[in-house]
Structure formats: C-alpha cells, structure tokens
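Reading the structure
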Amino acid sequence: MPSGALLFQSVLLGILLGGLYALLASGLTLYFGIMRVVMIAHSAFLILAAYLGWWLHERAGLDPLLAMLGTVPLFFGAGVLLQRVLLTRLRPATLTMMSVLLTFAIALLIEGLLGYAFTGTQRRVQLGYGSASLEVFGARVAVVKLIAFGLAVVALGTLYVLMKRTRFGWALRATIQHRDAARLLGIDTDRVAGYGFGIGLATAAIGGTALSLDTTIYPSLHWHWIGPLMAIIVVGGLGSVPGAAIAAMVLGMAQSLLQIPMGTTWAQTVFYVALFATLAIRPQGFFGGRLAQRF
Amino acid sequence: MTLETTGLSKAFGGVTALDGASVSFHQGEVNALIGPNGSGKTTYFNCVTGMIKPDGGTVSYQGRDLTGKAPHRIARAGIGRTFQLCRTFPRMTALENVLSAVPPTGLIGGLRSARGRAEIERAMGWLTRLGIEHLAGSEARDLSWGQQKLLELAGVLMAEPETVLLDEPAGGVNPALLDRIGVLIRELNAEGRTFVIVEHNMDLVMSISDHIVVFDRGRPIAEGPPSQIRTDERVLGAYLGV
Amino acid sequence: MPSGSKVLKLAAVALLAVAVLAFPSIAPNPYILSAGVLVVYYAVLATSWNFVGGFTGYISLGHGALAGLGAYSTGILVAKAGLPPFLALAAAGAFVGLLAVPIGLAALRVRGASFVIVSISLVLILLLVFQSWSSVTGGSRGLVVPRPFQLTRPEHHRIFYFLFAGLLALAVLAWWLIDRSRFGLGLKSIREDEDKAEALGTATYAYKLIVFVVSAVFTALAGGLYALWFGDLDPVFQFSILTGSYLVLMALLGGVRQLFGPVVGALIVGIALEFFKVEYGDTPLHLVATGLLLALVVLFMPDGVLPAIADLIKRFGRSDRTSIREVSAAELREQRLQNAGGTK
C-alpha cells in the first residue's frame, strides 16, 4: 500500500496532467464539432510548438512562455489556412475519412521535418526555475508543472468565455450545432469554421509551450499524445467540450494513480482500456456528446 | 393490425421534437402526415424506422413490437422509407441502387452473384415502371433531382414492403412529375400497399390521401378524411400559428 | 459475344500473373529477389486492407498492427510452443480472426470516426504491450523465429516469394468473389450511404464486422508468413504506425474500387520505399515523402491512378461514346445479353 504522501502527490500530479489533457482535447473536440474531422496532426503541432519553444530558448535565450506570443498567432493562422485551403477541398461525402488521412499525412510531414531539422535527439529546455519545486502538504510539485497547469486553466477559461459570452462564440456554437440553420441566420459559417480551427490549433501552441517546460521532447513524441487524446474525446463523447474536459481529468488522474502499482508504461494502457470499454458499453460517450451516436 | 405508435417522445437537447405521439395508421390506405415546419414529422418517421431511438413510447407493426429495433430489422419487417432529401447511392449505377435493396440471407445467399437473372429482371421491372429504365447503367450522381427521387422509390419498392413511408415525395419536383408521382402512389396503393406520406404540398395530400393525421408540436392534434381536415379549425390554427 | 473490355481485362490479369511468376527467374541477385518478396508482401497487405477500406469506405490505420499480431503469434507459436511453422501460421490467422471480433464489435458499432480512432489506438497499445511484456515477446530485444526450411538464402527468398504470391492470389480471388456478390453490393452501399443502406434492410453492423474479420485474417496470414520469412521480429517495426499508412497509401494510390488497385499501389510504393532506403538510408525524409504523397493522393487523386488512367484512355480513345445515356443503354444491352447467354 503506497503511503498517503505518495498517493496525495499522485492525485496532485494527476490533476496537473489532466488540465493539459483537457486543453488539448478541447482543441480536438472543436475540430470534430465543426467539421467532423478527427485531427490526427493535433499532437504533431503540439510537439512542433514545443520544439519552437525549445529552439527559441536555445538560440535567443527566450523563455518558452515568451515564445508563446509568437507561436499562438502563428498556429491560429495555420489552423485557419488548414481549414480554408485544405480541408474544404475534400468531398463532403467522404470528409471524415479523407480528413483523417490528410491530417495524418500532415502529422508525418511535421514529424519528418522535425527529425530532419533537429535530428531525433531528445531535447529539453534548461530553465533557471526548471528544478524548483514547491511543497504542498508534504507533496513536492515542480514549479514548471504548476505553470503548465496554470497555462491550461487560463487557456480553457478564455475558451469558455469566448464560446459562451461573445458574438463569435455564439456563431461558432451555432455552426457546430446546425450548420445550415446558422447559415440561414446570416452567419458566415465558412469563416467561423476557419477561425474555429485556428482556435483549436492555438490550444496546441499553448499546450506545446506548457509541454516544453518540463518534458523531454523528440520528433515521434506526438504518437504518445494522440492516442490518449483520442481516447479522451471518445470517452467524453465526440463533440462535447465539457465531456472532453471531464474525461481528461478522470483519465489523467487514473493514469497518474495507476503509475504507482503498474509503472509508467502499463499505466498508459488505461486510456485504451477506457476507449474500448466506452465503445463497447456506451458508444456515444459518457458525458454528453449528441453527435457521437452517429460517428 | 397496422402501424401504430403510442406515446412516442423524443427530445434533442432541451427541444422537444415528439411529445407523446400516439397515432394509428389505416392499413391499406394512403395516410398523410401533415403539420407546420418543426412539428416533428420527420423525427416521427426516424423513430418509427429506427434511425433514432425514441426517449419513450412504443412502435408496433402488425402486432409486433418494433420499438428501438435496428433500422434493417424494421425494413425487413415490411416497412420501407424514403428520405426527406432524397438519398441514393451516388456512385452506384441506378440498377445497382435498386439491386442493393435485396439484402441476402445467410452465407450462401450472401456469396451469390449480385447480378442474378431474376433479380435483374425484377429491378429492371421497377425501373421501367417508374420510367427510368434507360438510366439503369448511369451512376446515380449523374441523374437529375427528379430522376433520383424516382430511383429512390424504385429501390424502396424493390424490397417489397407492405408499408411505404414517403418523406416529402413532392419536394423539389416539377408539376408534371408531381402528377405522375400522385398517380403512381394511388396505383401502388391499389395493389395493396399501405402508404404514410409526409408532405407539404396540400394539393397532392388532399387529392391522394384517404386519411390525414395533423401534427403540431410533436403530437397529433387532428385526424380524419381530407374533407374533414380541410375545415378543421385546430388545423388552421396550427398552420397559422394561433 | 464476349465484350472487348472483358477480353482485355482477362489478358491483363494473365499478363500480371505471368510477370509475377516469372520475376524470381529474372531477378539478377538475391537482394532484388528479397525486395520482390517485400513488394508482394505489401501487395497482400494492401489487398487485405482493401476488404475494409475499399468495400465499406472505412479507413483503417491499424492494419499494420494486425499484421504484427499475426507475425508475433506465428513467431511465438513456433519459437516458444514448438509448433510446426505452417500449423502455427494457420493458428495465428484463426487467432487474429477471433480477436478481430471484439475489436470490430467495439469499433464498428458507430460510424467511421470511432473506427479510425480504434485502429490507431490498436497500433499504439500493441506497441506498448509488446515492448513491455518481454517475457513472452522478447520485448525490445526482438523475437527470433526459426526458419522453416534449411535452404540457401536465395532459395529461401524464392520459396517465400511463391508463398506470398499464392496468398496474394487467394486474397485477390476472395476480394473478387465479394465484389461481385450480393454481400459485396451491401458493403458498397454502406460505403455510399450507411443510413440509407440500413433503411433498405442491410444489416450494416454485421456486414462491417464480417468483412473486417476477413480482412484481419488475410492481414494476419501475411504477417505470419513475414515472420517465417524474415525470422526476426521487433515491436518497433511490427507495430509501427507507418506500416499502416503505407498500406493506405498503396491502396488509395492504386484505387480502392479496383481489384488490382492495391497491387498496383504496392508495386509503386513498395519499389519507391526500397529505392528511398538505398538512396537516402534511414532518414526522417521518408516520413516527409510518405506524408507528402499521401496528402497529394488524398487531395487530388482520391480514386487512385488506375481510374485516372482509365479516364485518360476513355477521353482519347473513345470519342464515339458521347452521352451518359448511350453508354448506359449499351452497357445494359451487353449486360442482358451476358445474362441471357450465361449458364442457367
């Protein structure tokens, strides 16, 4: 039986990890809601952002948090372009399947280019505060993990306000729920969809920055993220942002706790077990997910 | 012993689409289901044919409970349907479209050639009857809207359903074709098929129906023969939004 | 009167068969021969993939994992349980087929998006398991599978070349049988419009499941044969997401609606892969090339090269066919004549 302190530390780390998962899963959920696109390249962009943070730190001594000022707008623009230039070219009838392949291809491209530019060597940002940690009721938590969590919370909070309180958010939600009806209401759904993709990719930029603070990165790391993230959006119910957030927290916590008895590798399987269990028992997901029944 | 629902209800999010719809259609007649936009007609069709699982209520057909059954089981029970925005298999030929309405049974049946002679004859028969036999080898996506509607109907009829649900058969169809569809429905009905038709074109509804059910806000508010429905105040009220 | 296109098709198939069978005698050295084995292996995998991808339109990125599972099952049964190699191969095919049932039950219950997610997850989870469970799988050190025949290297390649070619013939035959069957028509109607297919009485869930299992068995047999041929299994290569993407690329490039589409695709991509390996070694650039090619095919040639070529021929060679209606009428007549003149 693990000690109370260890357990508490795991719970804390689970929450911190869950926050990052929630942010990234919200991006995936947005894409799916808007266009029924399973965006495989999401986590490749995540790693790309982490690499950009690392590279700017290495070259210019920039703090990754500052690099975010550049990567977030850049990724937003890339997201808009991805939707407007590439995804809209695909035939609507086969959009879901073909977009998977297209975004998969983009993931391979990014992974290959990262490997070509920076080699497969593992990289890590060396920060002044990298090894600092705080003690919370006997549990030690690295400061960088707290910063990463803070980033995720702020970004998710901003996303929430954007979706619920702004005209754009209203248009985006209308587009997600009923595209034709939204168009009848005078919403330029194509533009809204493009911006939605931009926001989704911006979450990857923020997540990547958070990741670069305390993780060793390498080009093929994105496969370790896309699996858990896809499991999260299915468990949460495809297309449901709150569902994805709850699933992210629950599974992040489960992963963190299971690491105690099972070790890090086997603990990862919890995502896949949850994925299969969800599809077998309740394919529309456990937390909402009106769309999921049909996809 | 007919198509019947009791207390059928369905909500999407917070919006009630069906609110305890209890309806009994007349066997062997042309039934029409009318009502203002958003009154739940298409949702009703979707629940009856198993495309959507109802939140509550039952669907029964010829004494069999069909509630929540998979769509293909309901189709095999003898209920065929068309879709509101006509749906065909775009990259199959018209002939293949019709042929695919005969699902095989068992392993041996499944591995038989899809182009058995008897089936091709029967499929061509339906295409001929609907006047589109000359298009048999064309892919459905190359057909005009009206031709696609006829093709969809041919596919449904190929499965030999006793009851046919048509979702807006007149939608987007030119007047000449409209008349043909009307005549066709009456003919097919005379051969013993029961029809349930969701339709906005009142001329068509009044001219071909034996029995009309009026929906408003997810439940029936009136039913009867056309002559009676035409003068019903509740129906007028529903349509005018009173 | 047998139609011209039919004769042409039969001739093409015969030519292909001759070319495939003659290759080992023409191959100048064992390396080229082994590359040929690899290409035929890919052709079997791509054709197996196409049972699901081509008929139902469901894209699986996880078929590499099914092949890996077949390879490891065969390898473990031979190396650890001491089964005769080809009995182990058959058992592995049956085992993966059985395993495909619960996987399919979970993945195919709803529409395509979940299927894709499950297929990718399959690769990721199996990689995890096979790397970690080293007592059975050999872990990252790999699993050595004893060779079934005591032969020289070129002889070994030659035998396996024909074994793979036989399996390819079997897979192509099965695909052809399903393609022309009523079951196949039902599967294709799922690809076109799944709701509509169900409304017409097709048991879509069962259809998808059956064809997925068939596909899994062929894939596993190819993987198992690979294990016996190659003799050394490493989880990183067996459960690589790349293998799955090669298969998709091959099938798509060749044309998923064509019987020989995946074979043609395997020929193109397989040779390109070997060429790339020789020219540039093992660099991340092969990822870039694969990604770029896949994106281009998806964007500009989603029907593959075979239909594109057929279109070209049609455009230049047959100006007499002017309208769709004439074509259909002509085809129909042909169809009826064939049916009238056919057996029974």
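Counting restarts for each chain, with residues numbered from 1 along the sequence as it is written. Here every chain gets a letter starting at A, and every ligand a number starting at 1, in the order they are written. A pLDDT threshold of at least 70 governs which residues receive local features in this predicted model, and a stricter bar of 80 or more applies before side-chain atom pairs are shown or counted, although totals over entire chains, interfaces and linings include all residues. Side-chain measures here rest on the full set of heavy atoms in the structure, leaving out hydrogens and waters.

1. Observations concerning the overall build of chain A
The secondary structure listing takes helices from DSSP runs of H or I that are at least 4 residues long and strands from runs of E that are at least 2 residues long, numbered from the N terminus. Across its full length, chain A holds 12 helices and two strands. The size measure is the radius of gyration over C-alpha atoms, and the globule rule it meets is 2.2 Å times the number of residues to the 0.38 power. The globule rule puts the C-alpha radius of gyration for 295 residues at 19 Å, and the 19 Å found for chain A is close to it. Each principal axis of the C-alpha atoms in chain A carries an extent, and together these give about 60 × 45 × 35 Å. Working rule for contacts: check all heavy atoms of both residues, and any pair within 4.5 Å makes them a contact. Taking contacts inside chain A between residues at least 6 apart in sequence as the whole, the part at least 24 apart equals 77%. Surface exposure here means Shrake-Rupley accessible area, sampled with a 1.4 Å probe, where a residue is shielded only by the protein chains that are shown. Working note: accessible area of chain A is about 12000 Å², and carbon and sulfur atoms make up 66% of it. As used throughout, the charge tally considers Lys and Arg to be positive and Asp and Glu to be negative, leaving His and the chain termini uncounted. Positions of charges follow a simple convention, taking NZ of Lys, CZ of Arg, CG of Asp or CD of Glu. In chain A, the 19 positive side-chain charges and the 8 negative ones have mean positions that sit 10 Å from each other.

2. Section: the pattern of salt bridges
We define a salt bridge as a side-chain nitrogen of Lys or Arg found within 4 Å of a carboxyl oxygen belonging to Asp or Glu. Under the definition given, this model contains 25 salt bridges over all chains. Here B:Arg122 makes a salt bridge to B:Glu160, at a shortest N to O gap of 3.0 Å. Residue B:Arg122 is located in helix H5 (residues 117-129), and its partner B:Glu160 is located in the loop between helix H6 (145-158) and strand E7 (163-167); the two are separated by 38 residues in the primary sequence. Close ionic contact of C:Lys277 with C:Glu274 constitutes a salt bridge, the shortest N to O distance being 3.5 Å. With a gap of three residues between them, C:Lys277 and C:Glu274 both fall in helix H13 (residues 261-280), about one helical turn apart. Residues joined by salt bridges that share partners form a network here, namely B:Arg87, C:Arg111, C:Asp193, C:Glu194, C:Asp195 and C:Lys208.

3. A short note on the UniProt feature "transmembrane region" (unreviewed entry) in chain A
Residues and elements named next belong to chain A. When the UniProt feature table is mapped to this numbering, "transmembrane region" (unreviewed entry) covers residues 6-25, 37-56, 62-82, 94-117, 137-163, 192-213, 225-251 and 263-281. Split by type, residues 37-56 is 75% helix and 0% strand. Its first and last C-alpha atoms lie 32 Å apart. The span residues 225-251 shows a helical share of 85% and a strand share of 0%, and its end C-alpha atoms are spaced 13 Å apart. UniProt positions are given in the numbering used here, feature names are shortened, and annotations may be inferred rather than shown by experiment.

4. Regarding the packing of helix H2 (residues 30-56) of chain C against H13(C)
Residue and element names in this part refer to chain C. Axis lines are fitted to C-alpha atoms, over the contacting stretch for helices. Their N-to-C directions set the angle, which ranges from 0 to 180 degrees. Where H2 contacts H13, the two axes come as close as 8 Å, and the packing angle between them is 140°. When the axis of H2 is compared with that of H13, the two are oblique. Here the hand of the crossing between H2 and H13 comes out right-handed. The residues of H13 that touch H2, namely those facing Tyr-31, Ala-35, Leu-38, Val-39, Tyr-42, Ala-43, Ala-46, Thr-47 and Asn-50, are Pro-262, Val-263, Ala-266, Leu-267, Gly-270, Ile-271, Leu-273, Glu-274 and Val-278. Of the residues contributing to the contact of H2 with H13, the split by class is 14 nonpolar, three polar and one charged. Angular relationships are summarised with four words: roughly parallel below 35 degrees, roughly antiparallel beyond 145, roughly perpendicular across 65 to 115, and oblique for the angles in between. Helix crossings fall into two classes, left-handed where the near helix is turned counterclockwise from the far one by less than a right angle and right-handed where it is turned clockwise. Throughout this entry, Asp, Glu, Lys and Arg are counted as charged residues, while Ala, Val, Leu, Ile, Met, Phe, Trp, Tyr, Cys and Pro are counted as nonpolar. The remaining residues, Gly among them, count as polar.

5. Concerning a positive patch on the surface
Put simply, a patch holds well-exposed residues, over 30% relative accessible area, that have no salt bridge, with like charges counted together within 9 Å and Val, Leu, Ile, Met, Phe, Trp or Tyr side chains within 5 Å. Taken together, the side chains of B:Arg64, B:Lys69, B:Arg73 and B:Arg76 present a region of like positive charge at the surface. Along the chain, B:Arg76 falls in helix H2 (residues 71-76).

6. Quick notes on the sheet that holds strand E3 (residues 30-34) of chain B
Residues and elements named next belong to chain B. Reading across from one edge, E6-E7-E8-E3-E9-E10 is the order of the six strands in this open sheet, with mixed pairing throughout. The outermost strands of the open sheet, each flanked by one partner alone, are strand E6 (79-81) and strand E10 (219-224). Looking at each pair of strands side by side, their axes are set apart by 20° on average, direction ignored. Alignment of E6 against E7, held across three bridges, turns out to be parallel. Bridged to Arg-81 within E7 is Leu-165. DSSP-based pairing: two strands are paired if at least 2 bridges between them are found.

7. What about the domain arrangement of chain C?
All names here are of chain C. Along its sequence, chain C is organised into domain 1 (26-303) and domain 2 (304-344). For the purposes of this description, domain bounds are those given by an automatic or database domain assignment. Computed from C-alpha atoms alone, the centre-to-centre distance between domain 1 and domain 2 is 33 Å. In this complex, domain 1 contributes 12 residues to the contact, which on the side of domain 2 involves five residues. Two parts placed together each lose some accessible area; with a 1.4 Å probe, that loss summed over both constitutes the buried area. Summed over both partners, the interface of domain 1 with domain 2 buries about 530 Å², with 75% contributed by carbon and sulfur atoms. For domain 1, the biggest contributors to the area lost against domain 2 are Gln-258, Met-301 and Asp-303; these three give 53% of the whole. Taken together, domain 1 and domain 2 are joined by zero salt bridges. Contacts described as polar in this section are N or O atom pairs within 3.5 Å, which, within protein, must combine one atom able to donate a hydrogen with one able to accept it, while residues neighboring in sequence count only if both atoms come from side chains. For the pair domain 1 and domain 2, the interface holds three residue pairs in polar contact (both at pLDDT 80 or more). If you list the elements that add at least two residues to the side of domain 1 that touches domain 2, you get helix H12 (241-254) and H13. Of the residues assigned to the side of domain 1 that touches domain 2, the class counts are seven nonpolar, four polar and one charged.

8. Re a nonpolar patch on the surface
On the surface, A:Leu62, A:Leu66 and A:Leu69 cluster together into a nonpolar patch covering about 290 Å² of accessible area. Its relative accessible area of 32% is what places A:Leu62 among the partly exposed residues. Any residue under 20% of the maximum accessible area for its type is buried, any over 50% is exposed, and the rest in between are partly exposed; the area is computed with a 1.4 Å probe on protein chains only.

9. Quick notes on the nonpolar core
Counting 241 residues, the largest nonpolar core has A:Met39, A:Ile40, A:Phe45, A:Trp225, A:Ile232, B:Leu127 and C:Phe164 as the members making the most contacts within it. Discounting chain neighbours no more than four positions away, the residues touching A:Trp225 are A:Leu20, A:Tyr21, A:Leu24, A:Ser43, A:Leu46, A:Ile47 and A:Leu211. Counting residues in hydrophobic clusters, the runner-up holds 23 residues, among them B:Leu8, B:Leu18, B:Phe25 and B:Val198. Nonpolar cores were defined as sets of buried Ala, Val, Leu, Ile, Met, Phe, Trp, Tyr and Cys residues, with membership established by side-chain atoms within 4.5 Å.

10. Here we look at the interface of chain C and chain B
Between chain C and chain B, the contact holds 30 residues from the first and 43 residues from the second. Inspection of the region where chain C meets chain B yields five salt bridges. When the shortest N-O distance is used, the salt bridge between C:Asp193 and B:Arg87 registers 2.8 Å. Between the two partners, chain C and chain B, sit seven residue pairs in polar contact (both at pLDDT 80 or more). Those elements that provide at least two residues to the side of chain C that touches chain B are helix H8 (182-192), helix H9 (194-199) and helix H16 (324-341) of chain C. Partitioning the side of chain C that touches chain B into residue classes produces nine nonpolar, seven polar and 14 charged.

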